[in-house]
Amino acid sequence: MISSLRQQPSIAISGSDVVLRKRHGTLVQPQSFLPSLVRGKSQRSLVSVQKPLHLACVGVGNFGSVKSFDSVKGFGSDDLVKCEAYEADRSEVEGAATPSEAAKKVKIGIYFATWWALNVVFNIYNKKVLNAYPYPWLTSTLSLACGSLMMLISWATRIAEAPKTDFEFWKTLFPVAVAHTIGHVAATVSMSKVAVSFTHIIKSGEPAFSVLVSRFILGETFPVPVYLSLLPIIGGCALAAVTELNFNMIGFMGAMISNLAFVFRNIFSKKGMKGNSVSGMNYYACLSILSLAILTPFAIAVEGPQMWAAGWQTALSEIGPQFIWWVAAQSIFYHLYNQVSYMSLDEISPLTFSIGNTMKRISVIVSSIIIFHTPVQPVNALGAAIAVFGTFLYSQVFFFIIFYFDMLHQTL
């Protein structure tokens, strides 16, 4: 309990049988805040909010053995509540809220660190699998199948609450799933042909696709600073592509198609999720299940079981039993990093999420270059740095403009 009182040097409230004592203060004769109950005319007692007064209950009941109480006339020995009080600086009261704020920051930090770590691990194992087993359509299918199975088990065992969906939900989710499937497969095809770092450098150009699609297809317009922030993204990606030592057109086009597909996925998601109560984690789980249903027949048609069986035997003979762990790890970590990213989006603002996504790309690029010993020229590294910085700059400019217009709208 926190109160605030100003009295010299201490006060007693006999009407409620509570004694308030200032730390190291001297007990005085009772004075009442309730004149109608005790006296016709009350003593002067001032209530102040300048300093909070901490109240600490010492005991309840019979205080006959307490000498300070026995010596005070007018006090009974029964049914008393003794409270000691002391003044505290405002910083002590404000500090009470500090642990919750610190805990929230720690929670967000854990989300980010887990998200980045899971993404790095996925990309490493995914590239190892694709180097030994170059079948990106099957690899993409296994990633979605593993995540779908994990969530179905979680719902069945009540580890996670199953979402309440209807036909309209799945209908609006379908175009999102189509775009997600195309983007996922295209990115996997890209990483099967080029270095992981190069794929992510090109994928950092996704904001440029977002603005261009919104402008020329949806008819939306943006302020000039948004368009200017795209220049370093486009220039950096172009410089990185031109100076890439192991450039491959299929890998380059796969990353570009992935960017375009994920832009449409985001657009469809915004339209489909309006008024929807499904959580981010369950939304992604439903998206994985529907994408798996869409992708499976195409994967069979493009690659087929015969190619998969022959390639599997080759990979096992060259790598050994640990190849099975690689496949399982890339499938599990793909779902986990996406799930954590959706969970973190529920806790933070879109701007913070965008910054975190930019930092994630940096961690993936740097770690993949170190682990796979990818040769990088200085000009190529410069192009990558410019592209990633452009993505960060775009997120800052875009959300600043949104915040500015939102404040302006509230003012008007």
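So, here is what we can say about the structure in this document. (Residues numbered from 1 in each chain as written. Predicted model: local features only at pLDDT ≥ 70, side-chain atom pairs only at ≥ 80, totals over all residues. Heavy atoms only, no water.)

## Topic: the overall build of the protein
Basically, it comes down to this: Strands are runs of DSSP state E lasting at least 2 residues, helices are runs of H or I lasting at least 4, and numbering of each runs from the N terminus. For each residue, the accessible area found with a 1.4 Å probe, counting protein chains only, is set against the maximum for its type, and the residue is called buried under 20%, exposed over 50%, and partly exposed in between. Residue contacts are defined here by distance: any two heavy atoms, one from each residue, within 4.5 Å place the two residues in contact.
Each helix and strand in the protein was counted, giving 15 helices and five strands. Buried positions account for 44% of the 412 residues belonging to the protein. Summarising the internal contacts of the protein: among those between residues at least 6 apart in sequence, 81% fall at separations of at least 24.

## Remarks on the environment of Thr157
The condition is simple: Think of a polar contact as two N or O atoms within 3.5 Å of one another; within protein, one of them needs to be a possible hydrogen donor and the other a possible acceptor, and neighboring residues in sequence only count if both atoms come from side chains.
Within the secondary structure layout, Thr157 lies in the loop between α5 (136-156) and α6 (167-193). A polar side-chain atom of Thr157 sits 2.7 Å from the main-chain carbonyl oxygen of Ile153.

## Concerning the packing of aromatic side chains
Put simply, the rule is: Here the aromatic set is Phe, Tyr and Trp, taking the six-membered ring for Trp, and pairing holds for ring centres within 6.5 Å; pairs whose planes are under 30 degrees apart are stacked, those over 60 apart are edge-to-face, and all others are tilted.
Following the criterion strictly, the structure yields 17 aromatic pairs and no others. Summarising the aromatic geometry, the rings of Tyr125 and Trp325 are spaced 5.9 Å apart at their centres and angled 80 degrees between planes, so their arrangement reads as edge-to-face. Of this pair, Tyr125 sits in helix α4 (residues 98-132) while Trp325 sits in helix α13 (residues 322-345), and the two are 200 residues apart along the sequence. With 6.0 Å between their ring centres and 80 degrees between their planes, Phe198 and Phe247 make a pair best called edge-to-face. Separated by 49 residues along the polypeptide, Phe198 in helix α7 (residues 196-203) and Phe247 in the loop between α9 (224-242) and α10 (249-272) bring together distant segments of the chain. Residue classification places Phe247 among the partly exposed positions, given a relative accessible area of 35%.

## Quick notes on the packing of α6 against helix α11 (residues 280-302)
Here is the rule we go by: In this description, a line fitted to the C-alpha atoms serves as the axis of each element, helices being fitted only across the stretch in contact, and the angle between N-to-C directions of two axes falls anywhere from 0 to 180 degrees. The cut-offs work like this: below 35 degrees is roughly parallel, past 145 is roughly antiparallel, 65 to 115 is roughly perpendicular, and the gaps in between are oblique. Crossings are assigned a handedness: left-handed for a near helix turned anticlockwise from the far helix by less than a right angle, right-handed for a clockwise turn.
Between α6 and α11, the least distance of the axes is 8 Å, while the angle of their chain directions is 70 degrees. Of the possible angle classes, the one that applies to α6 and α11 is roughly perpendicular. Judged by the sense of rotation from one axis to the other, the crossing of α6 with α11 is right-handed. Listed contacts from α11 to Phe169, Trp170, Leu173, Phe174, Val176, Ala177, Val178, His180, Thr181 and Val185 of α6 are Tyr283, Tyr284, Cys286, Leu287, Leu290, Ser291, Ile294 and Leu295.

## Quick notes on unusual backbone geometry
Not every positive phi belongs to a glycine, and Arg158 is a case in point at roughly 65 degrees. Examined against the element boundaries, Arg158 turns out to sit in the loop between α5 and α6. Arg158 gets classed as exposed once you look at its relative accessible area, which sits at 76%.

## Notes on a nonpolar patch on the surface
For clarity, the cut-off: Surface patches are defined over residues having more than 30% relative accessible area and no salt bridge, joining like charges when they lie within 9 Å and nonpolar side chains (Val, Leu, Ile, Met, Phe, Trp, Tyr) when within 5 Å. To be clear on the numbers: accessible area is Shrake-Rupley with a 1.4 Å probe, and residue cover counts the displayed protein chains and nothing else. Any carboxyl oxygen of Asp or Glu within 4 Å of a side-chain nitrogen of Lys or Arg constitutes a salt bridge here.
Together, Ile182, Phe247, Met249, Met253 and Ile257 make up an exposed nonpolar region whose accessible area comes to about 440 Å². The leading source of residues in the nonpolar patch is α10, at three residues.

## Points about the nonpolar core
Here is the rule: For this analysis, a nonpolar core means a set of buried residues of the types Ala, Val, Leu, Ile, Met, Phe, Trp, Tyr and Cys, connected via side-chain atoms within 4.5 Å.
Residues Tyr133, Leu173, Tyr283, Leu287 and Phe323 are the most contacted members of the largest nonpolar core, which totals 43 residues. Here this core gets ten residues from one element, more than from any other, and that element is α11. Ignoring anything within four residues of it in the chain, the contact list for Leu173 reads Tyr283, Cys286, Leu287 and Leu290. In terms of nonpolar packing, the next biggest core, distinct from the first, is built from 17 residues, Phe198, Val211, Leu230 and Ile401 among them.

## Some details on the packing of α6 against α7
This is how it is decided: Note that Gly is not counted as nonpolar here; it falls among the polar residues with everything else outside the nonpolar set of Ala, Val, Leu, Ile, Met, Phe, Trp, Tyr, Cys and Pro and the charged set of Asp, Glu, Lys and Arg.
For the pair α6 and α7, the least separation of the axes is 8 Å and the interaxial angle reads 140 degrees. As far as their axial angle goes, α7 and α6 are oblique. Note that α6 runs across α7; the crossing there is right-handed. Two secondary-structure elements touch here, α6 through Ala187, Ser190 and Met191 and α7 through Val196, Thr199 and Lys203. Its residues placed into classes, the contact of α6 with α7 shows three nonpolar, two polar and one charged.

## Digging into the environment of Leu295
Structurally, Leu295 is set in helix α11. Among the residues examined, Leu295 registers a relative accessible area of 1% and is labelled buried. Measuring from C-alpha to C-alpha, the distance between Leu295 and Ala177 comes to 9.6 Å, with 118 residues separating the pair along the chain. Excluding residues that lie within four positions of it along the chain, Leu295 makes contacts with Trp137, Ser140, Thr141, Leu144, Thr181 and Val185.

## Quick word on the side chain of Arg361
Put simply, the test is: Only four residue types enter the tally: Lys and Arg on the positive side, Asp and Glu on the negative side; His and the chain ends are excluded.
Mapped onto the elements, Arg361 comes out in helix α14 (residues 350-372). The buried charged residue Arg361 lacks any salt bridge partner; its closest oppositely charged side chain belongs to Glu206, at an N-O distance of 4.2 Å. In this structure Arg361 touches His200, Lys203, Ser204 and Glu206, once residues within four positions along its chain are discounted.

## Notes on α9
Owing to its 3.6 residues per turn, the α-helix brings residues three or four apart onto one side. Here is the rule: One less than the number of residues in a helix, times 1.5 Å, gives the span that helix is expected to have. Here the arc refers to the directions that run from the helix axis out to each C-beta atom.
Along its 19 residues, α9 runs 28 Å from first to last C-alpha, staying within 8% of the 27 Å computed at 1.5 Å per residue. Those residues of α9 that fall on the buried side of the exposure criterion are Val226, Ser229, Leu230, Pro232, Ile233, Gly236, Cys237, Ala240 and Ala241. For α9, the angular spread of the buried residues around the axis is 160 degrees, confining them to a single face. Structural note: α9 exposes Val224, Leu231 and Val242 on the side pointing more than 90 degrees away from its buried face.

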